[in-house]
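Notes for the structure review
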Amino acid sequence: MTISSTVKDVGKDEQKAITGVKLTEQQMRARRARSIAIAISLGVLVILFYIVTLVKGPAVLMRPL
Amino acid sequence: MSATLVRVEPSIAGVGDYLELMKPRVMSLVVFTAFVGLMVAPVHMHPVIGLTALICIAVGAGAAGALNMWYDADIDARMARTASRPIPAGRIAPGEALAFGVTLAIGSVVVLGLLVNPLAAALLAVTIAFYVLIYTMWLKRRTPHNIVVGGAAGALPPAIGWAAATGSVAVEPILLFLIIFFWTPPHFWALSLYRVGDYARAGVPMLPVVAGEAETRRQIVLYSLLLAPLSAAPWVLGYAGALYGVVALVAGALLVVLALRVLAEQGSEAESRHLASKRLFAFSIFYLFLVFAVLLVDGLAANPIARIAA
């Protein structure tokens, strides 16, 4: 093995490392579904804190009907 | 210094797998009993705060379920009933389930403490810890009394609901706790009677595996005899009306009859033995739902204006 070919091989390895893990179609779909579920959960949590603040904080939702 | 690289396949777990990890059927009974505890409490509670409490209790119960599935994945893999759960089936990695469970457990307790009250949050934390540490990690694999003591975790939700509404604990939620506590052994032992092979294979020392089926049948009758009058106690002590008292006594009597049938089937053909156990198991679920539903209706009937205003 010559020095130049070793350098070339190292270059290929680096390229592989940069490419990283390739997800399959199924893995990508599953990841997207999980991400959406996490986003919805966080959104619900934000809305919950907002509404409870209105109820317990300034109590604007505690007016008599 | 050397490092070992472990190649982990990217997850294919879907949202449904994570929901399954939260044991939705157990969660529904937990939420229902907590809801009854919350509604029978003699205070006005804003519906948003009540809903927040129920969401936190549901998520906390789900977290406990996920942590149970994480720890018991080896047992689940050996039992027909549980082999298709997300971890033994390979859809979710154990580490993912652990992280999911811990995150939800901490999140549900913190949110309940911040948005509802600290006592309810403390009770939820105790419930999760009891279920995971005392029942799952300590008792389940060591003693046939696992589900007797562990039943305390499943019995706490009405007290959490009550505490969420009132900020305190009283005799009434303790009675509700005791009803579920004494309901748990006959419920699970009825199941274990027709799944005894599964439990034996998995090395779980359920009562029929350790003490035999005859002893289990006797214990089922004893606990049912304790449960029937106990479930009428809210009426006897004046916390519920006659409607509840009558339903609790009739349903309790039916439970005892089914338990006696399980005892009477001792020594008969496997098919009829299993049928009696299955009937008791199915009725026990209906029994708990009925008792709590009537308690709720009875409470609403006794004080409808206050409840609606709440």
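**What to know about the overall build of chain B**
When helices and strands are counted, chain B shows 16 helices and zero strands. Considered along the principal axes of its C-alpha atoms, chain B spans approximately 70 × 55 × 30 Å. Within chain B, the fraction of its 310 residues that count as buried is 49%. Taking the intrachain contacts of chain B between residues at least 6 apart in sequence as the baseline, contacts between residues at least 24 apart amount to 73%.

**Details of the interface of chain B and chain A**
With 11 residues of chain B at the interface, the matching set in chain A holds 14 residues. Broken down by element, the residue count for the side of chain B that touches chain A peaks at three residues, all from helix α3 (residues 47-71) of chain B. In terms of residue class, the side of chain B that touches chain A is built from seven nonpolar, four polar and no charged.

**As for the nonpolar core**
The nonpolar side chains of soluble globular proteins are, as a tendency, buried together. All names here are of chain B. Residues A53, I57, A66, L112, A120, L124 and I160 are the most contacted members of the largest nonpolar core, which totals 103 residues. It is α3 that contributes the most residues to this core, 15 residues altogether. Not counting the four nearest positions on each side in its chain, A66 is found in contact with L21, M22, A97, F100, G101 and L104.

**Structural notes on the packing of helix α12 (residues 213-231) of chain B against helix α14 (residues 242-264) of chain B**
Residue and element names in this part refer to chain B. Following both chains from N to C, one finds α12 and α14 inclined at 175°, their axes separated by 9 Å at the closest point. Considering the angle they form, α12 stands roughly antiparallel to α14. Contacts from R217, R218, I220, V221, S224, L225, L227, A228 and S231 in α12 reach A248, G252, A253, L255, V256, A259, L260, V262 and L263 in α14. For the contact of α12 with α14, a count of residues per class yields 13 nonpolar, three polar and two charged.

**Some remarks on the domain arrangement of chain B**
All names here are of chain B. Domain annotation for chain B reports domain 1 (16-169) and domain 2 (170-310). Each of domain 1 and domain 2 has a C-alpha centre, and the two are 20 Å apart. Taken together, the 30 residues of domain 1 in the interface contact 30 residues of domain 2. Secondary-structure elements contributing two or more residues to the side of domain 1 that touches domain 2 are α2 (24-40), α4 (73-78), α7 (146-155) and α8 (157-166).

**Quick look at the environment of A301 of chain B**
All names here are of chain B. Following the sequence through the fold, A301 ends up in helix α15 (residues 270-302). By the C-beta count within 10 Å, which is 12 here, A301 ends up exposed. Considering only alpha carbons, one finds A301 and Y223, 78 residues apart in sequence, at a separation of 31 Å.

**What about α14 of chain B?**
A turn of α-helix holds 3.6 residues, and therefore any two residues three or four places apart point the same way. Residue and element names in this part refer to chain B. Between the first and last C-alpha of α14 there are 32 Å, a value that for 23 residues agrees with the 33 Å anticipated at 1.5 Å per step. Residues Y244, V247, A248, A251, G252, L255, L258, A259 and V262 constitute the buried set of α14. The inward-facing, buried residues of α14 contact α9 (171-194), α12, α13 (233-236) and α15.

**Structural notes on the packing of α3 of chain B against helix α5 (residues 94-115) of chain B**
Residue and element names in this part refer to chain B. For the pair α3 and α5, interaxial distance at closest approach is 8 Å and the crossing angle is 155°. Classified by the angle between their axes, α3 and α5 sit roughly antiparallel to one another. As for the relative orientation of α3 and α5, their crossing is left-handed in sense. Residues of the contact of α3 with α5, tallied by class, amount to 18 nonpolar, six polar and no charged.

Definitions and cut-offs
Residues numbered from 1 in each chain as written. Chains lettered and ligands numbered in written order. Predicted model: local features only at pLDDT ≥ 70, side-chain atom pairs only at ≥ 80, totals over all residues. Helix = DSSP H or I, 4+ residues; strand = E, 2+ residues; numbered from the N terminus. Buried ≥ 20, exposed ≤ 12 C-beta atoms within 10 Å, placed from the backbone. Contact = placed C-beta atoms within 7 Å. Nonpolar A, V, L, I, M, F, W, Y, C, P; charged D, E, K, R; others polar. Core = buried A, V, L, I, M, F, W, Y, C linked by C-beta atoms within 7 Å. Axes fitted to C-alpha atoms, helices over the stretch in contact; angles between N-to-C directions. Parallel < 35°, antiparallel > 145°, perpendicular 65-115°, else oblique. Domains from an automatic or database assignment. Expected span 1.5 Å × (residues − 1). Left-handed = near helix turned anticlockwise from the far one by under 90°.

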